[in-house]
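In case you want the letters, here they are:
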Amino acid sequence: MVNYLIVLFAVTLVYFASAERLVIYVKLIGLQGLLLCGIALFELKEVNTANLVFIMAETLVFKAFLMPYLLTGIIGSSGVMKVHRQAMPGFYLLLFSILALLSSVILANALENPFVNTIYMVIALYSLFTGLLLIVTHRLIISHLIGFLILENAVFIFSLAMGSKMPMLINVGILLDIFVGVLILGFFGLRLRPNTNELTRLKD
Amino acid sequence: MTGFVLILIAASFFPGVIVRTKNIASGRRGPGILQPVREIGILLKKGSVFSNTSGIIFQIAPVITLSCIICALLVIPFGNQNALISFDGDFIFFSYLLALGKFFAIIAALDTGSSFEGMGANREVFFSMLVEPAFFILLATFAMFTGYTSFSDIFSNFFITGSHYVFIYSIIGFFLFIQTAMIENSRLPVDDPKTHLELTMIHEVMILDNSGFDKAMIHIGSYLKFAVYGALIYNVIVPAGWNIFLQAALFLAVQVTFAVIIGLIESFRARNKMNKNPKFILSLSAIALISFVIVLIITDKLI
């Protein structure tokens, strides 16, 4: 079952590279949260029950519902519905995404870590590269935020892959969640404009 | 031989089921399921008209295209029965036979000297080029998964590998074969066969100059191609070892379902903008690549 969830997670990453509407990004972030919750349920069998319940509650509440809710609010208040037209065309982004997947396979193969499941390693690296690609190729700060969320999901998958041996890594993943949460709340509460280009028009 | 006959039967009602589904979805009565076959009968009785600017290529291309497709369907197996032609690497033979047929259709379109047909040929070859990696990566995945490199061996061993990943490959194969069939046959969301404006056409604009007998050849080729992809879909979702009569019934059921899916897609989905098509097709390659990476991992080819 966990394999199906991992494959679906990888497919969401491909969809990230090809989607152009921010609402789709938000839905995908929510779906990734649900998938990570399912993966955590199946994978973290050696962690004690209280810790597992906490991790699942955190992924379900925070990643699957709270984040998409806050992001929808930011998109609604900013009125920006589509990825900026000055962002890299989707075709090239998808091409880079495919290259990122190949690079992830090569890197995961080169690392040869016996303690980490290779499939987790590949998907985590692919997720990491996809997040970075979104941040580098898009111009809107909200895309950067979503890119950061994907990066954070990559760290979470790394932590799940090694969770049984290194429970501290899971805590690092959750700390990142909290950090991103504060960041998003900052945008939500302060109503910052998502388009940083407008700052260039400021005059003193 | 059973598979070959079943594909021919499926091809005869396939376009009719698509049209019937579209009619029901839009609340119209519509013609019978065999109406496209009757239309082909009418076209076959007519002669062909050739423009003065076109040459021999234009005259022979429809027949070559159809023969390539008929040869390609000889390598498609049915259930446990081997295909009429089966050898190692026959999926490459299959793919390049279809490509050869398409190549002749494209140079025939260029041969007419019409700028519209050249434009259509340009688009069609570009989309075919983009969908080719997805098809090959998917079949390479199947080959690696089962350990065989011919269609007959791949599909007869597909469900007896004992791996629990088989359902993932079934789903991915089902999805990618449907999308590849839609692109190869120039259907929605990449192309709309009912479009009336030459500037937005892809496949239809390429065959504007064909008439009568030649046009019948092109239509038969298109229907056969659908049935061939339907047979591939059948092979990845139905285990090969079942009773032959049950398999034949399921084969026809899968073909009808495939045609209904196409009819529903064409009824409820809009066509992509032309500049969005490359991205859409490339995303299929990305999905195929994910499945390939997984098969590399489960067969211990990595590390």
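Cut-offs and rules
- Residues numbered from 1 in each chain as written.
- Chains lettered and ligands numbered in written order.
- Predicted model: local features only at pLDDT ≥ 70, side-chain atom pairs only at ≥ 80, totals over all residues.
- Helix = DSSP H or I, 4+ residues; strand = E, 2+ residues; numbered from the N terminus.
- Buried ≥ 20, exposed ≤ 12 C-beta atoms within 10 Å, placed from the backbone.
- Contact = placed C-beta atoms within 7 Å.
- Core = buried A, V, L, I, M, F, W, Y, C linked by C-beta atoms within 7 Å.
- Axes fitted to C-alpha atoms, helices over the stretch in contact; angles between N-to-C directions.
- Parallel < 35°, antiparallel > 145°, perpendicular 65-115°, else oblique.
- Nonpolar A, V, L, I, M, F, W, Y, C, P; charged D, E, K, R; others polar.

**Q** I tried to follow the overall build of chain A on my own but got confused; where do I start?
**A** If you tally the helices and strands in chain A, you get 7 helices and 0 strands. The proportion of buried residues among the 204 residues of chain A is 42%. Summarising the internal contacts of chain A: among those between residues at least 6 apart in sequence, 72% fall at separations of at least 24.

**Q** Honestly, the interface of chain B and chain A in this entry has me stumped. Any pointers?
**A** A common way to express how large an interface is: the accessible area buried when the components associate. Listed per partner, the contact involves 17 residues of chain B and 20 residues of chain A. Per element, the largest residue contribution to the side of chain B that touches chain A is 13 residues, and it comes from helix α11 (residues 277-298) of chain B.

**Q** I'm lost on the nonpolar core in this one. Help?
**A** Nonpolar side chains tend to gather and get buried jointly when the protein is soluble and globular. A:Ala10, A:Ile123, A:Ala124, B:Phe14, B:Ala227, B:Val228 and B:Ile290 are the most contacted members of the largest nonpolar core, which totals 150 residues. Element by element, the count of residues in this core is highest for helix α9 (residues 212-237) of chain B, at 15 residues.

**Q** Sorry, what's going on with unusual backbone geometry here?
**A** Peptide bonds are, in most cases, trans, and in most cases residues other than glycine have a negative phi. Phi at B:Ser186 takes a positive value of approximately 55°, unusual for a residue other than glycine. Along the chain, the position of B:Ser186 falls in the loop between α7 (166-184) and α8 (203-206).

**Q** So what exactly am I meant to see when it comes to the packing of helix α4 (residues 90-111) of chain A against α11(B) here?
**A** Describing two packed helices takes the angle between their axes plus the distance from one axis to the other. Their axes nearest at 9 Å, the elements α4(A) and α11(B) cross at an angle of 10°. Taken together, the axes of α4(A) and α11(B) are roughly parallel relative to one another. Residues A:Gly90, A:Phe91, A:Leu94, A:Leu95, A:Ser97, A:Ile98, A:Leu101 and A:Val105 of α4(A) form the contact with α11(B), whose participating residues are B:Pro278, B:Lys279, B:Leu282, B:Ser283, B:Ser285, B:Ala286, B:Leu289, B:Ile290, B:Val293 and B:Leu296. A per-class count over the contact of α4(A) with α11(B) returns 13 nonpolar, 4 polar and 1 charged.

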